[in-house]
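For reference, the chains in residue letters:
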Amino acid sequence: MTPRKLSLDPPQDDLAVMTEELLGAAVRQSRNAPRGRMVAPLHRSLADPVHRMLNALQPGSYVRPHRHLEPPKPEALIVLRGRLLFVTFHNDGAIEHHLVLEARSDRFGVDLVPGRYHTVVALVPDTVIYEVKSGPYEATTDKSFAPWAPEERTAEAEAYLNDLLARCGEKLCFTDG
C-alpha cells in the first residue's frame, strides 16, 4: 500500500506564488486526508533554514499539542481562510492562552516564541493558515509532543480534542453555513 502524502510537492521555481489555485488544491487534499489537513510547502527543501507553508485544516483534525524546543524554533501563523482556535499551555497541560483567529478580522494571526506548548483547531471547514517557522526539518527533533496529550488518531485524542474545545468555549462547525 502506498503511504498517503502529508504535503503537496514543494515549488520547483525560484518564485513561489500563493494563488487561489494553490489554496484550493491544499483544501481539496485536506478534505480527503486521514489527518484532515494538508500542507502546501513554499520552501524548496526540508533543509531550508526557514519553512513557509500553507496549512489547510478541517474541523476535527487533531494537532497534538507540541513545542519546538530542541532546537528552539519560533512560529508565526496567519489565518488566510476560515476560523481557528489557537491554544498555548503551561508545562503541566493547563491552558495558558486560548483565542480565536479569523481571516479578515481584527485578530487573524500570532507569533509564538520557541519552547511553548501549543495547538491549533480548525473551527470551520476549509480553514487555511500561512505558517512560518525555522528549519531545517528533522522528524525526530521538529516537535516535542506534550506528554499529557494523547497521540494522534486514537480514541483518546478525539476525547481530548472535545474536552479542549469545551474548556475554551468553542464548538466545531462541519458545514459551510
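For the structure itself, look to the data block above.
Residues numbered from 1 in each chain as written. Predicted model: local features only at pLDDT ≥ 70, side-chain atom pairs only at ≥ 80, totals over all residues. Heavy atoms only, no water.

So what about the nonpolar core? Which residues, and what values?
Within soluble globular proteins, side chains that are nonpolar generally end up buried alongside one another. Counting residues in hydrophobic clusters, the biggest one holds 16 residues, and the most contacted among them are Y62, L85, V87, F89, Y160, L164 and L165. Those elements that provide at least two residues to this core are β5 (83-89), β8 (117-122) and α2 (155-167). In terms of residue count, the dominant contributor to this core is α2 (5 residues). Ignoring any residue separated from it by four or fewer positions in sequence, one finds Y160 in contact with Y62, P65, F89, W148, A149, P150 and R167. Ranked by size, the runner-up nonpolar core spans 14 residues in total, among them V63, V79, L84 and V110. (Core = buried A, V, L, I, M, F, W, Y, C linked by side-chain atoms within 4.5 Å. Buried < 20%, exposed > 50% of the residue type's maximum accessible area, 1.4 Å probe, protein only. Helix = DSSP H or I, 4+ residues; strand = E, 2+ residues; numbered from the N terminus. Contact = heavy atoms within 4.5 Å.)

Quick rundown of the pairing of strand β9 (residues 127-134)? Include the residues and the values.
Most of β9 sits inside the fold, with 6 of its 8 residues counted as buried. Bridging between strand β2 (residues 50-57) and β9 involves 8 bridges; their strand directions are antiparallel. Counterpart to A56 in the pairing with β9 is V128. Sheet topology note: the strand β4 (residues 75-81)/β9 ladder contains 6 bridges and is antiparallel. Across the sheet, A76 pairs through a bridge with V132, a residue of β9. (Pairing = 2+ DSSP bridges.)

Explain the packing of aromatic side chains residue by residue, including any values.
Inspection of the entire model under this criterion finds 3 aromatic pairs. Joined through ring pairs, the aromatic side chains of F89, Y117 and W148 make up one cluster. (Phe/Tyr/Trp six-rings, centres within 6.5 Å; stacked < 30°, edge-to-face > 60°.)

With reference to specific residues and values, describe the pairing of strand β1 (residues 37-41).
The element β1 is extensively covered by neighbouring structure, given that 5 of its 5 residues are classed as buried. Neither face of β1 is exposed, since R37, V39 and P41 on one face and M38 and A40 on the opposite face are all buried. Of the strand pairs in this sheet, β1 and β2 are connected by 5 bridges, and their pairing is antiparallel. By the bridge assignment for β2, P41 is matched with M53.

Quick rundown of the pattern of salt bridges? Include the residues and the values.
On inspection of all chains with the given rule, the structure shows 11 salt bridges. Of the charged contacts, one joins R81 and E20 as a salt bridge, the two residues approaching to 2.4 Å between their closest N and O atoms. Here R81 is found in strand β4, whereas its partner E20 is found in helix α1 (residues 20-32), with 61 residues between them in sequence. Here R81 falls in the partly exposed class, since its relative accessible area comes to 24%. The shortest N-O distance in the salt bridge between R35 and E152 comes to 3.6 Å. Taken together, the residues R35 in the loop between α1 and β1 and E152 in the loop between β10 (144-145) and α2 connect sequence positions 117 residues apart. Take R35: its relative accessible area is 24%, and that puts it in the partly exposed class. Residue E152 is classed as partly exposed on the basis of its relative accessible area, which comes to 24%. Beyond isolated ion pairs, a larger network of salt bridges with shared partners links K73, K133, D142 and K143. (Salt bridge = Lys/Arg side-chain N within 4 Å of Asp/Glu carboxyl O.)

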